[in-house]
Amino acid sequence: TSDWSHTSSGSFLTVPCATEAFDTAGAYDNSTYTFTVPSGKGGKYFFHWSAEVSDNPDDGEYIKGRLNKNGSSMDYSWNTNKANANNQTTAVSHSFIVEVAAGDAIKYEANQNSGSNATYGAPYTFWGGYKLIGG
């Protein structure tokens with residue numbers, strides 16, 4: 001999708017990933033940015049996400065990401081990266097395996113503490129997942 005301006009320093013916001021590469025089950029709503037586990041498709045899933053902010057944050061400030069399930073942060077889904085110089089491109093990513101149930105609603109959220117807007121760059125800010133065979 002296009003670059004995204006995160007305007008609320010210190011708060012988690014849903015990342016507006018509106019473009020899909022693959023969605024064979026039609027389970028992703030690109031207007032609410034929510035993946036809903038289809039009926040009969042619960043089990044173990046591999047999820048991954050990535051984020052990149054250019055020229056912000058400054059030394060010691062951070063960007064974070066996580067996945068949210070049904071309104072709460074998912075276990076094992078967090079990661080944080082701090083800038084080690086001013087006006088530095090900062091990237092963070094994470095992948096993990098977790099069990100989800102049919103009907104669970106998953107969203108990707110980001111947080112930054114630059115004290116102002118931070119622009120997350122496309123195509124480096126994205127997320128996805130897939131069900132593991134036998135999971």
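Look above for the structure.
Parameters at a glance
Residues numbered from 1 in each chain as written. Predicted model: local features only at pLDDT ≥ 70, side-chain atom pairs only at ≥ 80, totals over all residues. Heavy atoms only, no water. Buried < 20%, exposed > 50% of the residue type's maximum accessible area, 1.4 Å probe, protein only. Helix = DSSP H or I, 4+ residues; strand = E, 2+ residues; numbered from the N terminus. Pairing = 2+ DSSP bridges. Phe/Tyr/Trp six-rings, centres within 6.5 Å; stacked < 30°, edge-to-face > 60°. Lys NZ or Arg CZ within 6 Å of the ring centre and 35° of its normal. Contact = heavy atoms within 4.5 Å. Polar contact = N/O pair within 3.5 Å; in protein donor to acceptor, adjacent residues only side chain to side chain. 1 Å grid on protein atoms, 1.4 Å probe; cavity = no way out; pocket = protein on both sides within 12 Å on 5 of 7 lines; lining within 4 Å. Points joined across faces, edges and corners; volume = space filled by probe spheres on them. Nonpolar A, V, L, I, M, F, W, Y, C, P; charged D, E, K, R; others polar. Core = buried A, V, L, I, M, F, W, Y, C linked by side-chain atoms within 4.5 Å.

Draft legend 1. The arrangement of the pairing of strand E6 (residues 62-69) in detail. The element E6 is largely enclosed, with a buried count of 7 among its 8 residues. Both E6 and strand E8 (residues 79-82) contribute to a ladder of 4 bridges, which runs antiparallel. By the bridge assignment, Lys64 is partnered in E8 with Thr80. Pairing of E6 with strand E10 (residues 105-112) involves 7 bridges; the strand directions are antiparallel. The partner of Lys64 across the bridge, within E10, is Asn111. Two elements, E6 and strand E7 (residues 72-73), share 2 bridges in a ladder whose sense is antiparallel. Looking at E7, one finds that Lys69 is bridged to Ser72. As consecutive antiparallel partners, E6 and E7 are separated by 2 residues, and within that stretch Asn70 has a phi angle of approximately 55°, a positive value.

Draft legend 2. Looking closely at the packing of aromatic side chains. All told, the structure shown has 10 aromatic pairs when counted by the stated rule. In this structure an aromatic cluster arises from ring pairing among Tyr28, Phe35, Tyr45, Phe47, Phe96 and Trp127. Of note, Lys64 hangs over the ring of Tyr62, and the distance from its end group to the ring centre comes to 4.8 Å. The positively charged end of Arg66 is found above the aromatic ring belonging to Phe12, 3.7 Å away from the centroid.

Draft legend 3. Quick peek at the environment of Tyr120. With respect to the element layout, Tyr120 can be found in strand E11 (residues 118-120). The buried category is assigned to Tyr120, whose relative accessible area is 1%. Measuring from C-alpha to C-alpha, the distance between Tyr120 and Thr19 comes to 15 Å, with 101 residues separating the pair along the chain. Excluding residues that lie within four positions of it along the chain, Tyr120 makes contacts with Asp3, Trp4, His6, Ala51, Glu52, Val53, Ile63, Lys64, Ala110, Asn111, Gln112 and Thr125. Within the structure, the side chain of Tyr120 is placed 3.3 Å from the backbone oxygen of Asn111, a separation counted as a polar contact.

Draft legend 4. Geometry of the layout of surface pockets. The volume enclosed by the largest pocket comes to roughly 750 Å³. Along its surface, the largest pocket is lined by 24 residues, and Phe22, Asp23, Phe35, Gly128 and Gly129 are the ones closest to its centre. Residue assignment for the lining of the largest pocket shows that the elements contributing at least two residues are strand E5 (43-53) and strand E12 (126-131). Looking at the lining of the largest pocket element by element, the count peaks at 6 residues for E12. Each residue belonging to the lining of the largest pocket can be placed in one class, and the counts come to 13 nonpolar, 7 polar and 4 charged.

Draft legend 5. Layout of the nonpolar core. Grouped together as the largest cluster of nonpolar side chains are 25 residues, with contacts concentrated most on Phe35, Phe47, Leu67 and Trp127. Of all the elements in the fold, those that place two or more residues in this core are E5, E6, strand E9 (90-100), E10 and E11. Broken down by element, this core gets its largest block of residues, 5 residues, from E5. In this structure Phe47 touches Phe35, Leu67, Met74, His94, Ser95, Phe96, Val98, Val100, Ile106, Trp127, Gly128 and Gly129, once residues within four positions along its chain are discounted.

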